[in-house]
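Observations on the model geometry
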Amino acid sequence: MSRTTLDLWVGLFVLIGAAALLFLSLRVGNLSSANFAETYPIRVQFDNIGGLKVRAPVKSAGVVVGRVSDIRLDIESYRAQVIMDLDKRFEFPRDTVASILTSGLLGEQYIGLDAGADDEMLKGGDGLPIGQSAVVLEKLIGQFMFNKAAE
Amino acid sequence: MMGRSVSFVRRLGASVVDGIWRLGFATRFMVLLLVYSGQSFRRLHLTIREIYFSGVLSLLIIIVSGLFVGMVLGLQGYETLQRFGSGDALGVLVALSLTRELGPVVAGLLFASRAGSAVTAEIGLMKTTEQLKAMDMMAVSPIARVVAPRFWGGVISMPFLAAIFSTMGVVGGWLIGVVFIGVDAGAFWSQMQAAVDFRYDVLNGVIKSVVFGVAVSLIAVFEGYDCTPTAEGVSRAITRTVVSSALAILALDFVLTSFMFRG
Amino acid sequence: MSFDPTHDEPLVCLKDVHFAYGERSILKGIDLSVRRGQVVAIMGGSGSGKTTLLRLIGGQLRASQGEVRVAGSDLSRLGRNDLYALRRRMGMLFQFGALFTDMTVYDNVAFPLREHTDLPPEVVRDLVLMKLDAVGLRGAGALMPAELSGGMARRVALARAVALDPMLIMYDEPFAGLDPISLGVVGQLIRRLNDALGASSILVTHDVHESLEIVDYVYFVSDGRIVAAGSPDEIRASTDPFVHQFVHAEIDGPVPFHYPAEPIAQALLGGRG
């Protein structure tokens, strides 16, 4: 085989491979939508985070605006301390409320942000007021039964 | 009794000495390989030729097996997922299993048996027919001229092959899930995109495939270079290439997975 | 033994060379020299250490004792780069040619030129065609080595070995497995190329009659030692029992028919005792 045909085939191979990588990053992965160039960290505490995991999405009005970057227990208050990395493009008022929500009945848990009305915006490293905890199914059922019994 | 235990100790010693000697030989080989790699890039057409042999010629088997693996994932995954009423998550299942694990691992195994064995056979036969010695006598280092281009050809081909495998797998899963079973196309893709992260899943898969490419290529060229120069020696070297590559891929996969995805 | 090293600087000079594979001693004190322009044959039975001798001169092996000098430099003192520089001026013909099976005849002969020189393709082409013409295979340039007969492959390998006009050409069994016609052709080529290039040649062979026709000097090696040496005429006239046995192909003589072993009677009875 002559060198030019060989080069042609190898060039074609590299092109197909690059196209496959592109397909994986853009169509399969979410490089275009979720790879934030710049983020700022925001702290928030919860009484109970349920099944929230590191890297869970942070959504506002259903739009992904950031990801959970760290979860730890605050020894003084015995609350869960969650750090979120929010996209620099989205700014939120200081009185925004965070709550842990579940997508669907059994789906993954994420943090929902409900924007407040404050004029001042959050800066990197700020903390939010204590968030609304995850709904724990056992507690919910227990409460329901208790209410029923009380009737 | 005494004699037997002495001979056991002696055999143990011999095998340890032999092992250390081989380790030293392999290390020296690797150092020379890296030292001479510059030459194989300066004369790029040698490496391009090897990309043709290990990459382009492996394309067909990679495409076909990728498609089939994806189709099987589509069938099995849907069967299981729909019991929990989440058939829509089929895209997530197919894409995650391919980008994280099956793409690099299965492509690596196929690459070892298709291209790795061919490289070992070629170098082994060149050694058996004294071509390597003849080259050395012509003051051309066989490691620079024969070994390094084959090594780099393999290392460069492997990530592309793994990416092509994963892509074909996703296409196969889409074919079964969306076209034949009738999962909603929008849900299929959007759930997939929501769950598959570029850095965490796609990039880690690519890193895995690079590591496997280095491991398989290194094993293949070393076994060829180190083989006993007889017909039997070459066939044994080929077997060793395939077996050690498979073991190396699976072991490395475990190590890499435990580092990458332990969160 | 009529060994006389009284010439001015020989091209290849071995002094008291010993060599052993592990504990198995192959060469036990070899003295040998090759002058410029000479064609020298090293003869001996299979396994007598002649190929090892050639590998020592080519620098593929290192003597465990003694000195190997080629073109004035002691091979044991040369680093890898110096050794490679020296090897560029050596050509070696391997036992079965060792042609690169993935290249055409033309590319095989062009290989050393392309690796070691920056000559433009036209010049390489002319040189390759000249070398192929010298071995009578100018028309075979496009063939692959697998399409050649044994004799033709040997001639291509010869063209490749002399591609860089070496000062020393080494032949490892150049006559093995050739039919009588090819044998004569290769023999004449070895002599002609040597004289045309002004080089020196070393032949390792056990083909007595063909080599006596073309060489200037012969060394007989047996059991790791030089047992006889002389010009072809001296060898033909020699009464040395070893040379006599070798030249006349007698089965038994100083070179024993049997590999060293205990007497057969003892071996057969030993199993029962």
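Scroll up a little and you will see the structure.
Everything in this summary refers to the structure shown in the same document. Here the structure is a predicted model, which is why all the values come from computation and not from measurement. (Residues numbered from 1 in each chain as written. Chains lettered and ligands numbered in written order. Predicted model: local features only at pLDDT ≥ 70, side-chain atom pairs only at ≥ 80, totals over all residues. Heavy atoms only, no water.)

**As for the overall build of chain A**
Heads up, the condition is: For the purposes of this entry, the term helix denotes a DSSP run of H or I that reaches at least four residues, the term strand denotes a run of E that reaches at least two, and both are numbered from the N terminus. In this treatment the radius of gyration is a C-alpha quantity, and the globule benchmark scales as 2.2 Å times the residue count to the 0.38 power.
A count of helical and extended segments in chain A gives 3 helices and 6 strands. Starting at the N terminus and ending at the C terminus, chain A contains elements arranged as α-α-β-β-β-β-β-β-α. At 23 Å, chain A has a C-alpha radius of gyration far larger than the 15 Å of a compact globule built from 151 residues. Overall, the C-alpha framework of chain A stretches about 85 × 40 × 30 Å when taken along its three principal axes.

**Topic: the nonpolar core**
This is how it is decided: In these notes, a set of buried Ala, Val, Leu, Ile, Met, Phe, Trp, Tyr and Cys residues joined through side-chain atoms within 4.5 Å is what counts as a nonpolar core. Working definition: with a 1.4 Å probe on protein chains only, accessible area under 20% of the residue-type maximum means buried, over 50% means exposed, and in between means partly exposed. Note on contacts: a residue pair is in contact if any heavy atoms of the two residues lie within 4.5 Å.
Ranked by size, the top nonpolar core spans 66 residues in total, and within it Leu14, Leu32, Leu168, Met170 and Ile202 of chain C carry the most contacts. Looking at this core, the element that brings in the most residues is helix 6 (residues 142-181) of chain B, giving 8 residues. Look past the residues within four positions of methionine 170 of chain C in its chain and what remains in contact with it is Met137 of chain B together with Leu54, Ile57, Gly58, Met90, Gly91, Met92, Leu93 and Ile202 of chain C.

**Structural notes on the pairing of strand 4 (residues 65-70) of chain C**
Residue and element names in this part refer to chain C. For the record, the criterion: Think of it this way: DSSP has to see at least two bridges between two strands before they count as a pair.
Of the strand pairs in this sheet, strand 1 (residues 12-21) and strand 4 are connected by 5 bridges, and their pairing is antiparallel. For valine 12, the partnering residue across the bridge sits in strand 4 and is valine 70. Between strand 4 and strand 5 (residues 73-74), which pair antiparallel and follow one another directly, the connecting turn spans 2 residues, one of which, alanine 71, has a positive phi of 50 degrees.

**Observations regarding the packing of aromatic side chains**
This is how the line gets drawn: Here the aromatic set is Phe, Tyr and Trp, taking the six-membered ring for Trp, and pairing holds for ring centres within 6.5 Å; pairs whose planes are under 30 degrees apart are stacked, those over 60 apart are edge-to-face, and all others are tilted. In this scheme, Lys NZ or Arg CZ marks a charge over a ring once it lies within 6 Å of the ring centre and within 35 degrees of the ring normal.
This structure, assessed with the given rule, holds 12 aromatic pairs over all chains. Ring geometry for phenylalanine 151 of chain B versus tryptophan 152 of chain B: centroids 5.1 Å apart, planes at 75 degrees, classification edge-to-face. We classify phenylalanine 151 of chain B as buried; its relative accessible area is 5%. Counting every residue linked through ring pairs, the aromatic cluster contains Trp21, Phe25, Phe29, Phe222 and Tyr225 of chain B. The ring of tryptophan 189 of chain B has arginine 27 of chain A sitting right over it, with the charged end atom 4.2 Å from the ring centre. Against the face of phenylalanine 100 of chain C rests arginine 160 of chain C, its NZ or CZ located 4.6 Å from the ring centre.

**Some words on helix 5 (residues 150-161) of chain C**
Put simply, the rule reads: By this rule the span expected of a helix is its residue count minus one, scaled by 1.5 Å.
In this model helix 5 of chain C runs 16 Å from its N-terminal to its C-terminal C-alpha over 12 residues, within 8% of the 16 Å that 1.5 Å per residue would give. Across the 12 residues of helix 5 of chain C, 10 count as buried, placing the element largely inside the fold. What helix 5 of chain C keeps buried is the set Gly151, Ala153, Arg154, Arg155, Val156, Ala157, Leu158, Ala159, Arg160 and Ala161 of chain C. Elements in contact with the buried residues of helix 5 of chain C: helix 5 (131-137) of chain B together with strand 6 (90-93), helix 3 (105-116), helix 4 (121-134), strand 7 (168-172) and helix 6 (180-197) of chain C.

**A look at the interface of chain B and chain A**
To be explicit about the condition: By buried area we mean how much accessible surface two parts lose on assembly, using a 1.4 Å probe and totalling the loss over both. We count a salt bridge whenever a side-chain nitrogen from Lys or Arg sits within 4 Å of a carboxyl oxygen from Asp or Glu. The definition of a polar contact used here is a pair of N or O atoms within 3.5 Å, where within protein one atom must be able to donate a hydrogen and the other to accept one, and adjacent residues in sequence count solely through side-chain atom pairs.
The partner chain A presents 24 residues to the 28 residues of chain B that form the contact. In total, chain B and chain A occlude about 2,500 Å² of area from one another, counting both sides; carbon and sulfur atoms represent 76% of this. Taken as a group, Tyr52, Phe160 and Phe198 of chain B account for 23% of the area that chain B buries against chain A, more than any other trio of residues on that side. Across the contact surface, chain B and chain A share 0 salt bridges. The interface formed by chain B and chain A includes 2 residue pairs in polar contact (both at pLDDT 80 or more). Listing elements by their share of the side of chain B that touches chain A, those giving two or more residues are helix 2 (44-54), helix 4 (90-128), helix 6, helix 7 (185-195) and helix 8 (198-226) of chain B. At 8 residues, helix 6 of chain B tops the list of elements feeding residues into the side of chain B that touches chain A.

**Quick notes on the arrangement of the chains**
Looking across the 2 pairs of chains in contact, one finds the most contacts between chains A and B. No part of chain A reaches chain C; the closest C-alpha pair between them is 11 Å apart.

**Structural notes on the interface of chain C and chain B**
Inclusion rule: Throughout this entry, Asp, Glu, Lys and Arg are counted as charged residues, while Ala, Val, Leu, Ile, Met, Phe, Trp, Tyr, Cys and Pro are counted as nonpolar. The remaining residues, Gly among them, count as polar.
With 23 residues of chain C at the interface, the matching set in chain B holds 20 residues. Contact between chain C and chain B buries roughly 1,900 Å² in total, counting both sides, with carbon and sulfur atoms accounting for 55%. Applying the counting criterion to the chain C and chain B interface returns 5 salt bridges. Put simply, aspartate 102 of chain C and arginine 49 of chain B hold a salt bridge, and the shortest N to O gap is 3.3 Å. Run the count over chain C and chain B and you get 10 residue pairs in polar contact (both at pLDDT 80 or more). At 4 residues, helix 3 of chain C tops the list of elements feeding residues into the side of chain C that touches chain B. Looking at the side of chain C that touches chain B residue by residue, the class counts come to 11 nonpolar, 5 polar and 7 charged.

**Points about unusual backbone geometry**
Its identity as a non-glycine residue notwithstanding, glutamate 130 of chain B has a phi of 65 degrees, on the positive side. The topology assignment puts glutamate 130 of chain B in the loop between helix 4 and helix 5. For glutamate 130 of chain B, a relative accessible area of 16% corresponds to the buried category. With a phi close to 50 degrees, glutamate 173 of chain C is a non-glycine residue in the positive phi region.

**What about the sheet that holds strand 9 (residues 217-222) of chain C?**
Residues and elements named next belong to chain C. Put simply, the test is: Note on geometry: axes are lines fitted to C-alpha atoms, helical ones only across the stretch in contact, with angles between N-to-C directions running from 0 to 180 degrees.
Reading across from one edge, 6-7-8-3-9-10 is the order of the 6 strands in this open sheet, with mixed pairing throughout. Looking at the sheet topology across the chains shown, the edges are occupied by strand 6 and strand 10 (225-230). Looking at each pair of strands side by side, their axes are set apart by 15 degrees on average, direction ignored. For strand 9 and strand 10, the ladder comprises 5 bridges, and the chain directions are antiparallel. Among the inter-strand pairings, phenylalanine 220 is bridged to a residue of strand 10, identified as alanine 228. Across the sheet, helix 6 is in contact with strand 3 (39-43), strand 7 and strand 8 (200-205); its angle to strand 8 comes to roughly 160 degrees.

**Overview of the sheet that holds strand 4 of chain C**
Residues and elements named next belong to chain C. A sheet is described by the order of its strands in space; here 4 strands give the open sequence 2-1-4-5, paired in antiparallel fashion. Each having just a single partner strand, strand 2 (24-34) and strand 5 make up the two edges of the open sheet. Two elements, strand 1 and strand 2, share 8 bridges in a ladder whose sense is antiparallel. By the bridge assignment, tyrosine 21 is partnered in strand 2 with arginine 24.

**A look at helix 3 of chain C**
In terms of burial, helix 3 of chain C is largely enclosed, as 10 of its 12 residues are buried. Every buried residue of helix 3 of chain C is accounted for by Val105, Tyr106, Asn108, Val109, Ala110, Phe111, Pro112, Leu113, Glu115 and His116 of chain C. Those residues of helix 3 of chain C that are buried lie in contact with helix 5 and helix 6 of chain B together with helix 4 and helix 5 of chain C.

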